[in-house]
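Spelled out, the chains give:
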Amino acid sequence: MATLQDFRDERLRKLQELRNLGIDPFPATVTRDTKIGKIIDDYESHAGKTVTIAGRIIGIRKFGKLAFIVLRDFSGEIQLFLTDSGMTAKDGHLTIKELNLLDTGDFLEATGEVMKTKTGEISVAATTLRLLAKALRPLPTKQDGFTNKEERMRRRYVDMNVNQNVRDRFIRRSKFWQANRDFLNQHGFIEINTPVLEHTTGGADANPFTTHMDALDQDFYLRISHELPLKRLIGAGYEKVYDIGPRFRNENYSDEHLPEHVAMEWYAAYWDWQDGMKFMEEMYKYMLEETFGTLKFAVRGFTIDMGKEWEIKNYPDLVREHYGIDVYNTTLAEVQKTLRDHQLEVEKNDNIARGIDKLWKAIRAHLGGPVWVINEPKFLSPLAKTAADGVSAQRFHPIIAGTELGNGFSELNDPEDQLARFLEQQQMRDAGDQEAHMLDIDFVEMLEYGMPPACGWGHSERVFWIFEDVTAREGVPFPQLRREIDSVTRAIYPDIKFD
């Protein structure tokens, strides 16, 4: 049985033969004037016209002086119809005689008249062929069953060629983020990119990545959130700002989490959490309609109608109903016992806040939504304004399909209160909680200069993953994996030291 190396050696032989014939296998210039999809979608206006198309070879069939090539570009597939007598010999171009030097996976440019074959198939009767790129490795076919998850993730460019649904997924992902931008821009928000490298990182409960900047000879953190720089912009006089970009959290992989992922945060001066909640219901509807063309979904065992009126549930009530715990009047021992009783993880450095958060996550897994959960305890919300009861936060987050798909609150703008909460978080860090917030004294100083009342919101591409109904790794084009070099590649390049 032929191996990958055998196929590659044969293609290298063809590559050399093409060069010997004076054919450039990797030219820089392409003269395409028509996309394949336009011909297929509007045959009548293209019939009889001469077009130049380009794409990847998906299939080749040759019958003596007659041949068929299936060509695919991003917009669609079409058949090339070739006859020996119908092709024009030109320097640097291919004729039927050289078709044996082509393989599936190669890229071609073809010029010819749009027509239909006797069987009624839309085709291009090619008069000239030009090689655009010679592929040295064969693409697997659908029949080959390119389904190994590890292989698909490592060679996503192959996955997207073989599995059309994977390629289409990232068109929807692009639409999702474009819809975010469009909705915010339509409502007067300004996109301002904020730093990825920070002296002090904050805005979320997460363990950061650390790097070193040689120019300043100082360590920096990769941001875990966009929050604090955007709120500095509110203090600087902007009234509506947002940022979309990557953030980094040094945590385990899961079906809902990736250490690197894209997120969006917006902040609006003179809004409170109630304003933000109304705004986000409309934004969700807009994003989902633009991305998926519907507001009704069946995902993760839930049937969800995003067009209906959202429920509102009280965080302390949910914890009390499920576990009999008063989140404002409990002990660490009681919380840990409840965790054990429900087969949930208990760690040495757990505190009351972390323990209650674990209990809450077990509750939300059973909520289909859409539902707004409000009145989260203040000790779980170190950057949010305190509610009138003095113990909860003016905070709102949506639960949809058993997971939290965003987070918003009235922003804390009292510098003394903010400093006290930072110090409380610092005590948690000193006790071993690496996800507690860092003390950002510059942010406190900004608040001392004055920041108006504001509401802020953030969500990540987890929103897309949930409604796309895929895991986190399936939801990004190139997920991080442990670095490995397979045995075939090592054999092909024996002189390279990979380790």
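Notes on the structure follow. Note that the coordinates shown come from a computational prediction; the quantities given were computed from them, not determined experimentally. (Residues numbered from 1 in each chain as written. Predicted model: local features only at pLDDT ≥ 70, side-chain atom pairs only at ≥ 80, totals over all residues. Heavy atoms only, no water.)

1. So, the overall build of the protein
A count of helices and strands for the protein gives 15 helices and 19 strands. Referenced to the eigenvectors of the C-alpha coordinate spread, the extents of the protein come out at roughly 90 × 55 × 50 Å. For the protein, the residues scored as buried account for 50% of the 499 residues in total. If you take every contact in the protein between residues at least 6 apart in sequence, the share linking residues at least 24 apart comes to 65%. Side chains of the protein carry 64 positive and 80 negative charges; the gap between the two charge centres is 7 Å. (Helix = DSSP H or I, 4+ residues; strand = E, 2+ residues; numbered from the N terminus. Buried < 20%, exposed > 50% of the residue type's maximum accessible area, 1.4 Å probe, protein only. Contact = heavy atoms within 4.5 Å. Lys, Arg positive; Asp, Glu negative; His and termini not counted. Charge placed at Lys NZ, Arg CZ, Asp CG, Glu CD.)

2. Quick word on the packing of helix 12 (residues 415-430) against helix 13 (residues 441-449)
In the contact formed by helix 12 and helix 13, the axes pass within 9 Å of each other and the chain directions differ by 165 degrees. The orientation of helix 12 relative to helix 13 falls into the category roughly antiparallel. Where helix 12 crosses over helix 13, the two elements pack in a sense that is right-handed. Of the residues in helix 13, those in contact with Pro415, Gln418, Leu419 and Phe422 of helix 12 are Ile441, Phe443, Val444, Leu447 and Glu448. Looking at the contact of helix 12 with helix 13 residue by residue, the class counts come to seven nonpolar, one polar and one charged. (Axes fitted to C-alpha atoms, helices over the stretch in contact; angles between N-to-C directions. Parallel < 35°, antiparallel > 145°, perpendicular 65-115°, else oblique. Left-handed = near helix turned anticlockwise from the far one by under 90°. Nonpolar A, V, L, I, M, F, W, Y, C, P; charged D, E, K, R; others polar.)

3. Points about the pairing of strand 12 (residues 296-299)
Along any regular strand, the residues point their side chains to alternate faces of the sheet. Burial along strand 12 is one-sided: the residues Phe297 and Val299 are buried and none of Lys296 and Ala298 is. Note that strand 12 and strand 13 (residues 302-305) share four bridges and pair antiparallel. Residue pairing in the sheet places Val299 in a bridge with Phe302 of strand 13. What sits between strand 12 and strand 13 in their antiparallel hairpin is a turn of two residues, with Arg300 showing a positive phi close to 55 degrees. (Pairing = 2+ DSSP bridges.)

4. Thoughts on the packing of aromatic side chains
For any two aromatic rings, the description comes down to two numbers: the centre-to-centre distance and the angle of the planes. Summed over all chains, the structure comprises 23 aromatic pairs. On the numbers, 6.0 Å between centres and 45 degrees between planes, the contact of Phe176 with Phe464 is tilted. In this pair, Phe176 is assigned in helix 6 (residues 164-186) and Phe464 in helix 14 (residues 462-468), connecting sequence segments 288 residues apart. Given the relative accessible area of 0%, Phe464 is considered buried. Residues Phe189 and Phe279 carry aromatic rings whose centres are separated by 5.6 Å and whose planes lie at 35 degrees to one another, so their mutual orientation is tilted. Here Phe279 lies in helix 8 (residues 273-292) and Phe189 lies in the loop between helix 6 and strand 6 (190-191), a separation of 90 residues in the sequence. (Phe/Tyr/Trp six-rings, centres within 6.5 Å; stacked < 30°, edge-to-face > 60°.)

5. Re the side chain of Glu376
Assignment of secondary structure puts Glu376 in the loop between strand 15 (371-374) and strand 16 (395-400). Here Glu376 falls in the buried class, since its relative accessible area comes to 5%. A polar atom in the side chain of Glu376 sits 2.6 Å from the side chain of Arg395. Aside from chain neighbours lying at most four places away, what touches Glu376 is Tyr315, Tyr328, Ser381, Ser392, Ala393, Arg395 and His397. (Polar contact = N/O pair within 3.5 Å; in protein donor to acceptor, adjacent residues only side chain to side chain.)

6. Observations regarding the nonpolar core
Judged by nonpolar contacts, the single largest core of 44 residues is most densely connected at Trp266, Phe279, Met283, Tyr284, Met306 and Ile400. The element that contributes the greatest number of residues to this core is helix 8, accounting for eight residues. With residues up to four places along the chain from it excluded, the contact list for Met306 reads Tyr284, Lys285, Leu288, Leu295, Phe297, Pro370, Ile400 and Phe467. Among the nonpolar cores identified, the runner-up in size contains 28 residues, and Ala67, Leu101, Ala110 and Leu131 belong to it. (Core = buried A, V, L, I, M, F, W, Y, C linked by side-chain atoms within 4.5 Å.)

7. Quick notes on the packing of helix 6 against helix 8
Viewed as axis vectors pointing N to C, helix 6 and helix 8 meet at an angle of 140 degrees, and their least axial separation amounts to 8 Å. Of the possible angle classes, the one that applies to helix 6 and helix 8 is oblique. The hand of the helix 6/helix 8 crossing is right-handed. Where helix 6 approaches helix 8, its residues Arg172, Lys175, Phe176, Ala179, Asn180, Asp182, Phe183, Leu184 and Gln186 are matched on the opposing element by Phe279, Glu282, Met283, Tyr286, Met287, Glu290, Thr291 and Phe292. Across the contact of helix 6 with helix 8, the residue classes tally to nine nonpolar, three polar and five charged.

8. Thoughts on helix 12
Relative to the 22 Å expected for 16 residues at 1.5 Å per residue, helix 12 spans 22 Å between its end C-alpha atoms, a close match to the ideal helical length. Within helix 12, burial applies to Pro415, Gln418, Arg421, Phe422, Gln425, Met428 and Arg429. Down the axis of helix 12, the buried side of the element spans an arc of 130 degrees, and every buried residue falls inside it. Among the exposed residues of helix 12, those oriented more than 90 degrees off its buried face are Glu416, Gln427 and Asp430. Against helix 11 (352-364) and helix 13 lie the buried residues of helix 12. The opening residue of helix 12, the one whose side-chain oxygen lies 3.0 Å from the backbone nitrogen of Glu416, is Asp414. (Expected span 1.5 Å × (residues − 1). Arc of directions from axis to C-beta.)

9. Comments concerning the sheet that holds strand 3 (residues 76-83)
Judged by pairing direction, the barrel is mixed, and its five strands sit side by side in the order 1-2-3-5-4 before closing back on the first. On average, adjacent strands in this sheet sit at an angle of 50 degrees to one another, irrespective of strand direction. In terms of strand pairing, strand 1 (residues 50-63) meets strand 2 (residues 66-73) through seven bridges, oriented antiparallel. Within strand 2, the position partnered with Arg56 by the bridge is Arg72.

10. Some thoughts on the environment of Thr294
Positionally, Thr294 belongs in the loop between helix 8 and strand 12. Among the residues examined, Thr294 registers a relative accessible area of 28% and is labelled partly exposed. Distance from Thr294 to Asp305, taken between C-alpha atoms, is 9.2 Å for residues eleven residues apart in sequence. Each residue touching Thr294, except ones within four places of it in the same chain, is listed here: Leu288 and Glu289. A polar contact of 3.1 Å, which involves the side chain of Thr294, links it to the backbone nitrogen of Lys296.

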